[in-house]
Amino acid sequence: MYSFAQRADFAVLDEPFYGPYLRLTGLDHPMRSEVLGDRRKDAIEVEQSLMDPVPDGKPHAYHKHMCQHMIDGIPRSFMAECVNVFLIRHPARVVASFAKGYPDLTADDIGFDAQAELFDHVRSLGQTPVVIDSADIRDDPEGMLRGLCETIGLEFDPAMLSWPVGPKPYDGVWAPHWYTSLHATTGFAGPEGPLPDLNGHLAELVARTMPAYRALETKKISQSMKL
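The rules behind each value
- Residues numbered from 1 in each chain as written.
- Predicted model: local features only at pLDDT ≥ 70, side-chain atom pairs only at ≥ 80, totals over all residues.
- Heavy atoms only, no water.
- Buried < 20%, exposed > 50% of the residue type's maximum accessible area, 1.4 Å probe, protein only.
- Helix = DSSP H or I, 4+ residues; strand = E, 2+ residues; numbered from the N terminus.
- Pairing = 2+ DSSP bridges.
- Axes fitted to C-alpha atoms, helices over the stretch in contact; angles between N-to-C directions.
- Parallel < 35°, antiparallel > 145°, perpendicular 65-115°, else oblique.
- Left-handed = near helix turned anticlockwise from the far one by under 90°.
- Contact = heavy atoms within 4.5 Å.

**Some thoughts on the pairing of strand β4 (residues 130–133)**
Alright, step 1. Of the two faces of β4, the one lined by Val130 and Ile132 and the one lined by Val131 and Asp133 are each fully buried.
Alright, step 2. In this sheet, β4 lies alongside strand β3 (residues 85–88) in parallel orientation, the contact comprising four bridges. By the bridge assignment for β4, Leu87 is matched with Ile132.

**Let's talk about the environment of Ser222**
Alright, step 1. Secondary-structure assignment places Ser222 in the segment after α12 (200–217).
Alright, step 2. Ser222 sits in the buried class, given a relative accessible area of 16%.
Alright, step 3. Distance in space between the C-alpha atoms of Ser222 and Thr185 is 25 Å, their sequence separation being 37 residues.

**A closer look at the packing of helix α5 (residues 91–101) against α12**
Alright, step 1. Closest axis-to-axis distance for the α5/α12 pair is 8 Å, and the angle between their directions is 135°. One way to sum up the angle between α5 and α12 is to call them oblique. The element α5 and its partner α12 pack so that their crossing is right-handed. Residues Pro91, Ala92, Val95 and Ala99 of α5 pack against Leu202, Leu205, Val206, Thr209, Met210 and Tyr213 of α12.

**Some remarks on the packing of helix α7 (residues 112–124) against α12**
Alright, step 1. Following both chains from N to C, one finds α7 and α12 inclined at 30°, their axes separated by 8 Å at the closest point. Classed by the angle they form, the pair α7 and α12 counts as roughly parallel. Regarding α7 and α12, the two cross each other, and that crossing is left-handed. For the pair α7 and α12, contact is made by Phe112, Asp113, Gln115, Ala116 and Phe119 and by Arg208, Thr209, Ala212, Tyr213 and Leu216, respectively.

Shown next as structure tokens:
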């Protein structure tokens, strides 16, 4: 999201369905009351807003969605009007990161099964969804972003490689809880190190979600495919 926000031709929107997701599930996420107060609670209203003219008269909008938010009761018809890109990350890294802010997580909370199902849904719409792995972006930000832009019909913009330090006006209201480390960055971090060593329930979650991750990993834009 931060990368695309640096483009002059894009507006960005951070997790528009978070409010309806919390309302429908009743989950007690950190900053729940703030999220519900900030985000529209009606999912249909949210979807309609996604298809409104892009803010500030820009030609494109980037919507950051979390796959786990796309539960029953969250509409999907807007996806037929979008270019759908799936960002994947190894489950061990997702579980370790998510558990820092929400330790009682389940497989549903991290959305790997939902991501695989949404990928199949987009294919059923006649689209060829794009998959890109965060580890590949970390290894070669410019190369992978050039490949992504070419794949989705955009000119690459070097501005995508860096952003200002600190909070952003387009951050969701939950940023103080989830984005603290992100706010210290000014660009993509370097290559990732070894996978985190997880035990017990967290290790079981990784094993549970690996098949969905592997299924999408076979579809990703690889470094050998960069355009």
